[in-house]
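# Commentary on secondary and tertiary structure
So the chains spell out like this:
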Amino acid sequence: MTAPAAPAPPGGGGRPRVVLSMYPGLEPYALRPEHRAALAEVADLLAPEAVQALPVDRADEVLAAADVVLGHWGCVVLDEAFLARAPRLRMLAYAAGTVRDTVTPATFARDLLVTSGAAANAVPVAEYTVAAVLWANKAVFTERERLRGAELPALPRRHPVGNWGKRIGLVGASHVGRLVVELLRPYHCTVVVADPYLTDEGAAALGVARVELDELLATCDVVSLHAPALPETAGMIGAAELARMMDGATLVNTARGSLVDHDALVAELRAGRLTAVLDVTEPEPLPADHALLHLPTCVVTPHLAGSQGTELARQAELVIEEIRRFAAGEPPLHPVAAADLGRVA
Ligand SMILES: NC(=O)c1ccc[n+]([C@@H]2O[C@H](COP(=O)([O-])OP(=O)(O)OC[C@H]3O[C@@H](n4cnc5c(N)ncnc54)[C@H](O)[C@@H]3O)[C@@H](O)[C@H]2O)c1
């Protein structure tokens, strides 16, 4: 990402004044008492609850004084109308991952510093992915179904069961994808990555081979998706791409449901040629009678791979550190530039 210059000290030369913006009710989970105490060491929180939860008059008052929006899931969109209410605003410190839906051209026109918590939210997604890879290669999911008496199609066994020596293909050298590379290191498998923005040098630094998507699909025991939902990635795994996958291979999707043609996937899963682990679908949730929820060759979870419960602490710590750095005039660790938005989540 393009690193912007270090921000100037907050307006007034004092401690930054921070306003929260997230789904009302999320505040106690997003910022536990220890995080509020850590934030209070570097900044002044203008209201304990999200700006959306405040009466309009009070919201106008805190926005007029705010230097920083500490955003999280459900953050307001920083468009012209919102920015007009916050004339002093200098920073969006976003604790969650997908900041593209929160910022607008007006955000960058105002030269706001934008930081993202994607690196923190990526950790549990990568952990989930590695668990899915390891269990899929052990045929845990399908053997459990067999034990329960499910009628499984005759599953092909192109490769023997096991994790040793398997080839794992990651689509997207994203925050999540890069962590998956790291977490898979002890397992004696080969990891290859397909990402149109990844250079050979970048792949070498990551310690993986860069391959084209077609080669990845045709050669990997597990194909795991880590690309963002963009117009160019919608349906990128369709019937032709699924057909390229090896007999007995597993598709893991923790990215976004829009990347995959679900009808084509159902056909492959029904035939028993492929298996799948899906944390994301389209729509979410799927209708209760959807085939993906009932096929013994498919495991669906309800978009739970990202931070939940204790894992939210990681995002809080990241965003408070970014505000501390802003207050100290240090450059952010996780800046987002307008130019990045065409390829990131
Ligand atoms: N399941 C969950 O709870 C959960 C949580 C967090 C993120 N996600 C999803 O995981 C995915 C990765 O998130 P992230 O924050 O790590 O992403 P990121 O923004 O860090 O990186 C996106 C990567 O995708 C690459 N990319 C862009 N177009 C591509 C294409 N056509 N083919 C292959 N790669 C392409 C980019 O070069 C970039 O490396 C996103 O889809 C995100 O929405 C899901």
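Our structure is the block above this text.
Keep in mind it's a predicted model, so treat the numbers as computed, not measured.

Next up on the list: the overall build of the protein chain. Of the regular secondary structure elements, the protein chain holds 13 helices and 12 strands. Taken against the 2.2 N^0.38 rule, which gives 20 Å for 345 residues, the C-alpha radius of gyration of the protein chain at 22 Å falls within 12% of a compact globule. Seen through its C-alpha atoms, the protein chain measures out along the principal axes to roughly 70 × 45 × 35 Å. Residues counted as buried form 51% of the 345 residues belonging to the protein chain.

A separate point is the pairing of strand E9 (residues 222-225). Side chains Val-222 and Ser-224 project from E9 onto one buried face, and the interleaved Val-223 and Leu-225 project onto a second face that is buried too. Sheet topology places strand E6 (residues 167-171) next to E9; four bridges connect them, and they run parallel. The residue bridging Leu-170 from the neighbouring strand is Ser-224, located in E9. Of the strand pairs in this sheet, E9 and strand E10 (residues 250-253) are connected by four bridges, and their pairing is parallel. For Leu-225, the partnering residue across the bridge sits in E10 and is Asn-253.

In this section: helix H6 (residues 118-137). Taking 1.5 Å as the rise per residue, H6 with 20 residues should run 28 Å; its terminal C-alpha atoms sit 28 Å apart, in good agreement. Of all 20 residues that make up H6, 17 are buried, and the element is covered over most of its length. Downstream of H6 by a residue or two, Ala-139 has a phi angle that is positive, lying close to 60 degrees.

Around the ligand lies a shell of 29 residues, among which His-175, Asp-195, Ala-227, Gly-306 and Ala-345 are the nearest. A distance of 2.6 Å is found between an oxygen atom of the ligand and a side-chain nitrogen or oxygen belonging to His-175. Protein burial of the ligand: of its 870 Å² of free accessible surface, 92% is covered by the chains. Elements supplying a minimum of two residues to the shell around the ligand: H6 and helix H8 (175-184). The biggest single contributor to the shell around the ligand is H6, with three residues.

Attention now goes to helix H2 (residues 33-42). Those residues of H2 not exposed but buried are His-35, Leu-39 and Val-42. Here the buried residues of H2 occupy an arc of 60 degrees about the axis, which is enough to place them on one side. Exposed side chains of H2 directed beyond 90 degrees from the buried face belong to Pro-33 and Glu-41. Turning to H2, the residues buried within the fold contact helix H1 (27-30), strand E2 (44-45), strand E3 (68-71) and helix H13 (312-328).

Let us look at the sheet that holds E6. Read across the open sheet, the seven strands follow the order E8-E7-E6-E9-E10-E11-E12; overall the sheet is parallel. Because the sheet does not close on itself, it has two edges, and the strands there are strand E8 (209-210) and strand E12 (298-300). Helix-sheet contacts for helix H12 (residues 262-271) involve E10, strand E11 (275-278) and E12, and the interaxial angle to E11 is about 130 degrees.

This next bit is on unusual backbone geometry. Glycine aside, residues mostly have negative phi angles, and peptide bonds mostly take the trans form. Note that the residue after Glu-282, namely Pro-283, is joined by a cis bond; omega there is 0 degrees. In this model, Glu-284 is joined to Pro-285 through a cis peptide bond whose omega is -10 degrees. Along the chain, the position of Pro-285 falls in the loop between E11 and E12. Phi at Asp-111 is positive, roughly 65 degrees, even though this residue is not glycine. Relative to the assigned elements, Asp-111 resides in the loop between helix H5 (105-109) and strand E5 (113-115). A relative accessible area of 65% places Asp-111 in the exposed class. One non-glycine residue, Ala-139, lies in the positive phi region at around 60 degrees.

Turning next to the state of the cysteines. Within this structure, the stated rule accounts for zero disulfides. Free of any disulfide, Cys-189 has its nearest cysteine sulfur in Cys-220, 10 Å distant.

Quick look at the side chain of Thr-281 now. With respect to the helices and strands, Thr-281 occurs in the loop between E11 and E12. A distance of 2.8 Å separates the side chain of Thr-281 from the backbone oxygen of Pro-283, its partner in a polar contact. Contacts of Thr-281, omitting those with residues within four sequence positions, involve Gly-257, His-262, Leu-286 and Val-300.

All right, on to the sheet that holds E5 then. Strand order across the open sheet formed by five strands is E2-E1-E3-E4-E5, with parallel pairing between neighbours. Two strands close off the open sheet at either side, each with one partner strand: E2 and E5. The pairing of strand E4 (residues 91-94) with E5 spans three bridges and is parallel. Looking across to E5, one finds that Ala-93 is bridged to Thr-115.

Conventions and cut-offs
- Residues numbered from 1 in each chain as written.
- Predicted model: local features only at pLDDT ≥ 70, side-chain atom pairs only at ≥ 80, totals over all residues.
- Heavy atoms only, no water.
- Helix = DSSP H or I, 4+ residues; strand = E, 2+ residues; numbered from the N terminus.
- Rg over C-alpha atoms; globule rule 2.2 N^0.38 Å.
- Buried < 20%, exposed > 50% of the residue type's maximum accessible area, 1.4 Å probe, protein only.
- Pairing = 2+ DSSP bridges.
- Expected span 1.5 Å × (residues − 1).
- Near = heavy atom within 4 Å.
- Polar contact = N/O pair within 3.5 Å; in protein donor to acceptor, adjacent residues only side chain to side chain.
- Areas by Shrake-Rupley, 256 points an atom, 1.4 Å probe, with all protein chains shown as cover.
- Arc of directions from axis to C-beta.
- Contact = heavy atoms within 4.5 Å.
- Axes fitted to C-alpha atoms, helices over the stretch in contact; angles between N-to-C directions.
- Disulfide = S-S within 2.5 Å.

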